[in-house]
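Spelled out from the first residue to the last, the chains are:
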Amino acid sequence: MNFWRIVPGRKEVRSTTLGKFIHEDYIAIGWNPVRDLTDVSEDDLETVCRRDLQGWDEDQIAAAIRAFRLFRYRMDLDDYIVVSADGFVYAIGQIKSFYYKEEEPSDMPEEIWNLGFWSHYHRRKVKWIRVMKVPFTDLPDNVRTKLGLPPVIVKLSVDEWLALMSALLQKT
């Protein structure tokens, strides 16, 4: 069992993405031009991402590869997830499905689609345990630091997870 932190999308769409996560019981990452990775081996991930994101900035491609490696190949059923961003913890959940790519709408204009943040179609179903809004200032320093790291997905240690749960339980 593993413990993860995920950020719900870019700042421009974060509140909408967070609402979709909570109301539709999933977590997701963007990079929508990347094909369905269900049948793609981890060894082929970098090649697929580079082909599907051709023309994108190298930093964006590297971030996508890192995020997909964790989201598609490292996360597992019954792992726990914390959703946090902008100095707040928003939800705690448990992963309840394998990776899948939601079908994209066929009527979306290409210029919107190519922005890469219209929606997040690379998904995993989640059972939400608790939805909240707890400021990072209420958390231990080591947890606050880890939750504030820039990658979309960060793995938490058991000790960090227990410290987070202890702090959150004090807020109920």
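Residues numbered from 1 in each chain as written. Predicted model: local features only at pLDDT ≥ 70, side-chain atom pairs only at ≥ 80, totals over all residues. Heavy atoms only, no water.

A. Quick peek at unusual backbone geometry. Phi is positive for D25, close to 55°, though the residue is something other than glycine. With respect to the secondary-structure elements, D25 resides in the loop between α1 (14-24) and β2 (26-29). Residue classification places D25 among the partly exposed residues on the basis of a relative accessible area of 35%. Positive phi values are uncommon outside glycine, yet D78 reaches one of about 70°. Assignment of secondary structure puts D78 in the loop between α3 (58-74) and β3 (80-85). Relative accessible area serves as the criterion here: at 35%, D78 is assigned to the partly exposed category. (Helix = DSSP H or I, 4+ residues; strand = E, 2+ residues; numbered from the N terminus. Buried < 20%, exposed > 50% of the residue type's maximum accessible area, 1.4 Å probe, protein only.)

B. How the structure looks around the pairing of strand β4 (residues 88-95). The buried fraction of β4 amounts to seven of the eight residues, a majority that puts the element mostly inside the structure. Strand direction decides the pairing type here: β3 and β4, joined by six bridges, are antiparallel. Following the sheet pairing, V83 is matched in β4 by A91. The antiparallel hairpin formed by β3 and β4 contains two residues in its connecting segment, where D86 sits at a positive phi of about 55°. (Pairing = 2+ DSSP bridges.)

C. Spatial organisation of the nonpolar core. Of all hydrophobic cores here, the largest spans 37 residues; its most connected members are I27, F68 and W128. Elements with a contribution of two residues or more to this core: β1 (3-6), α1, β2, α2 (45-52), α3, β3, β4 and β6 (122-135). When neighbours within four sequence positions are excluded, I27 is seen to be in contact with I6, F21, F71, M75, I81, V83, I95, H122, R123, R124, V126 and W128. Ranked by size, the runner-up nonpolar core spans 15 residues in total, among them M132, V134, V143 and L156. (Core = buried A, V, L, I, M, F, W, Y, C linked by side-chain atoms within 4.5 Å. Contact = heavy atoms within 4.5 Å.)

D. Geometry of α2. Looking only at α2, the buried set comprises L45, V48, C49 and D52. With its buried residues spanning 95° around the axis, α2 presents them on a single face. Taken together, the buried residues of α2 touch α3. (Arc of directions from axis to C-beta.)

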